[in-house]
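Fold and geometry: a report
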Amino acid sequence: MARRKKLYEGKAKILYEGPEPGTLVQYFKDDATAYNAEKKDVIDGKGVLNNRLSEYFMNGLNGIGVPTHFIKRINMREQLIRTVEIIPLEVVVRNIAAGSMSQRLGIAEGTSLPRPIIEFYYKDDALGDPLVTEEHIIAFGWASQQDLDDMVALALRVNDFLSGVMMAVGIKLVDFKIEIGRMWDGDYQRLIVADEISPDSCRLWDVETGQKLDKDVFRRDLGNLADAYTEVARRLGVLPSNVTHAVKPHVIN
Ligand code: TMP
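Let me sum up the structure you'll find in this document. Bear in mind that the values here come from a model prediction, so they are computed numbers and not experimental data.

With that settled, the discussion passes to the environment of Arg-115. For Arg-115, the location among the structural elements is in strand β10 (residues 112-122). Using a relative accessible area of 60% as the deciding quantity, one classes Arg-115 as exposed. Spatially, the C-alpha atom of Arg-115 lies 9.1 Å from that of Ile-96, the residues being 19 residues apart in sequence.

This is the structure we're talking about:
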């Protein structure tokens, strides 16, 4: 496919103009960042794995009637998606305490939560994506009360789906982040799941051993990130056939 116009480059992905109006091409890079890009590296094969894994999860969601931006995978690193207006919020769902919630509230990592907890973070790199409340979201016009209700419903459906899919392969879904976009149909809008769902945006722990199979491996220097993501892909049966080339071990200089 001829190289299309680049519209946006983020930390882990690039968006290009799509072949038809209302579509974009989403390209998955190998770049890994953490702590608001203070920690950076290139992990050979990460983009290929996340492209496959996001395809798998988004296809599954589309299949059970949870709308997503995903149309089809184009090649190893690119997928065709629908253009949406991204709501400037990261929607985090937590089943088990970990990460920033454990730090903020002093709850030991690994503590099961009595019910899924949903949090919203305002997407602003300069501010470090601060935690915000529904009051902030409505007062500052980032989303309406109706949007919030729809976002919570979407997030819980994604949680149920992902938790089940992961549990079936011996992995606990500790928490995850999604982004949600508006799709316009005349005057009507629909909220759909956008961005990506991958081990970059989830916490995944092996049920038996507690081994981390997500981006915490990179954040906390726990080993080889591509190996962890490959294990998730292998268990789900979504390993690309030439993955041995794609995820050759990353050599640290
Ligand atoms: P946290 O514990 O650091 O707040 O992260 C909660 C979940 O959200 C975890 O699965 C990682 C994911 N996440 C992202 O995907 N992007 C981000 O920028 C942050 C802060 C978290």
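Once the structure has been displayed, the description carries forward.
Across its 18 residues, helix α1 (residues 46-63) extends 25 Å between first and last C-alpha, which sits within 8% of the 26 Å expected from 1.5 Å per residue. Taking burial as the measure, the 18 residues of α1 include 14 buried ones, the bulk of the element. Following α1 by one or two positions, Gly-65 adopts a phi angle in the positive range, close to 85 degrees.

Moving on: the packing of aromatic side chains. A full pass over the atoms with the stated rule returns four aromatic pairs. Arranged with centres 6.5 Å apart and planes meeting at 85 degrees, the rings of Tyr-16 and Tyr-27 form a pair that is edge-to-face. Highlighted residues: Tyr-16 in strand β2 (residues 13-17) and Tyr-27 in strand β3 (residues 23-28), separated in sequence by eleven residues. Relative to Trp-142, the ring of Tyr-122 has its centre 3.9 Å away and its plane inclined at 15 degrees; by these criteria the two rings are stacked. Taken together, the positions of Tyr-122 in strand β10 and Trp-142 in the loop between α3 (134-139) and α4 (145-167) put the pair 20 residues apart, joining distant regions of the chain. On the basis of relative accessible area, Tyr-122 is assigned to the buried category, the value being 19%. Look at Trp-142 and you get buried, because its relative accessible area is 15%. Put simply, the rings of Tyr-122, Phe-140 and Trp-142 pair up and form one aromatic cluster. One cation-aromatic arrangement involves Lys-39 over Phe-218; the distance from NZ or CZ to the ring centre is 4.9 Å.

The next subject is the sheet that holds β2. Spatially, five strands are ordered β1-β2-β3-β7-β6 in an open sheet, and the strand pairing comes out antiparallel. Across the chains shown, the open sheet's two edge strands, defined by having one partner strand only, are β1 (6-9) and β6 (70-73). Sheet twist, expressed as the mean angle between neighbouring strand axes with direction ignored, is 25 degrees. For β2 and β3, the ladder comprises five bridges, and the chain directions are antiparallel. Among the inter-strand pairings, Glu-17 is bridged to a residue of β3, identified as Leu-24. Packed onto the sheet, α1 meets β3, β6 and β7 (78-82) and runs at close to 135 degrees relative to β6.

This paragraph deals with the site of the ligand. In the neighbourhood of the ligand, 15 residues make up the surrounding shell, with Arg-94, Ser-100, Asp-175, Lys-177 and Arg-203 lying closest. Asp-175 is positioned with one of its side-chain polar atoms (N or O) 2.6 Å from an oxygen atom of the ligand. If the ligand stood free it would expose 450 Å²; the protein chains cover 79% of that surface. Counting residues per element, the ones that place at least two in the shell around the ligand are β9 (89-96), α2 (99-105), β12 (171-185) and β14 (202-206). A class-by-class count of the residues in the shell around the ligand yields five nonpolar, three polar and seven charged.

Next up on the list: the pattern of salt bridges. With the rule as written, the count across this model stands at 25 salt bridges. Lys-123 serves as the salt-bridge partner of Glu-179, at 3.1 Å between the closest nitrogen and oxygen. Here the residue Glu-179 occupies a position in strand β12, and Lys-123 occupies one in the loop between β10 and β11 (131-132), the gap between them amounting to 56 residues. Among the salt bridges present, the one from Arg-235 reaches Glu-231, with a minimum N-O distance of 2.8 Å.

Before going further, it helps to examine the packing of α1 against helix α6 (residues 225-236). Two elements in contact, α1 and α6, have axes whose closest approach is 10 Å; the angle formed by their N-to-C orientations is 30 degrees. By the criterion of interaxial angle, the relationship of α1 to α6 is roughly parallel. Crossing angle aside, the handedness with which α1 passes α6 is left-handed. Each of Lys-46, Leu-49, Asn-50, Leu-53, Tyr-56 and Phe-57 in α1 lies in contact with α6, whose residues at this interface are Leu-225, Ala-226, Tyr-229, Thr-230, Val-232, Ala-233 and Leu-236.

Consecutive residues of a regular strand have side chains that alternate between opposite faces of the sheet. Note: β12 against strand β13 (residues 188-194), seven bridges, orientation antiparallel. The residue bridging Gly-181 from the neighbouring strand is Ile-192, located in β13. Hairpin connection, β12 to β13: the antiparallel pair is bridged by two residues, and Gly-186 has positive phi, about 65 degrees.

Basis of the calculations
- Per chain, residue numbering runs from 1 following the sequence as it is written.
- It should be noted that, the model being predicted, local features are given only for residues of pLDDT at least 70 and side-chain atom pairs only at 80 or more, the latter also being counted only at that level, while totals for whole chains, interfaces and linings use all residues.
- With hydrogens and water stripped out, all remaining heavy atoms of the structure feed into the side-chain values.
- Numbering goes from the N terminus for both helices and strands, where a helix is a DSSP run of H or I of at least four residues and a strand is a run of E of at least two.
- Burial classification: accessible surface area is computed with a 1.4 Å probe over protein chains only, and a residue below 20% of its type maximum counts as buried, one above 50% as exposed, and the rest as partly exposed.
- Given a helix with a known number of residues, its expected span is that number minus one, times 1.5 Å.
- Two rings from Phe, Tyr or Trp (for Trp, the six-membered ring) form a pair when their centres are within 6.5 Å of each other. A pair whose planes differ by under 30 degrees is stacked, one over 60 is edge-to-face, and the rest are tilted.
- Definition used: whenever NZ (Lys) or CZ (Arg) falls within 6 Å of the ring centre and also within 35 degrees of the ring normal, the charge is taken to sit over that ring.
- Paired strands, as defined in this entry, are two strands with at least two bridges between them according to DSSP.
- Axes here refer to lines fitted to C-alpha atoms; in helices the fit is confined to the stretch in contact. Angles between the N-to-C directions go from 0 to 180 degrees.
- Contacts are residue-level and defined by heavy atoms, with any inter-residue pair within 4.5 Å sufficient.
- It suffices for a single heavy atom of a residue to lie within 4 Å of a molecule or strand for the residue to be listed as near it.
- Each polar contact in these results corresponds to two N or O atoms within 3.5 Å; when the atoms are within protein, one needs to be able to donate a hydrogen and the other to accept it, and residues that are neighboring in sequence are counted only if both atoms are side-chain atoms.
- With residues, only the protein chains shown are counted as cover, and all accessible areas are computed by Shrake-Rupley using a 1.4 Å probe.
- Asp, Glu, Lys and Arg are counted as charged, while Ala, Val, Leu, Ile, Met, Phe, Trp, Tyr, Cys and Pro are counted as nonpolar; the rest, among them Gly, fall into the polar class.
- Only one rule defines a salt bridge in this text: a Lys or Arg side-chain nitrogen within 4 Å of an Asp or Glu carboxyl oxygen.
- Any angle from 65 to 115 degrees is called roughly perpendicular, while one under 35 is roughly parallel, one over 145 is roughly antiparallel, and all others are oblique.
- Note on convention: near helix rotated counterclockwise from far helix by under a right angle means a left-handed crossing. Clockwise means right-handed.

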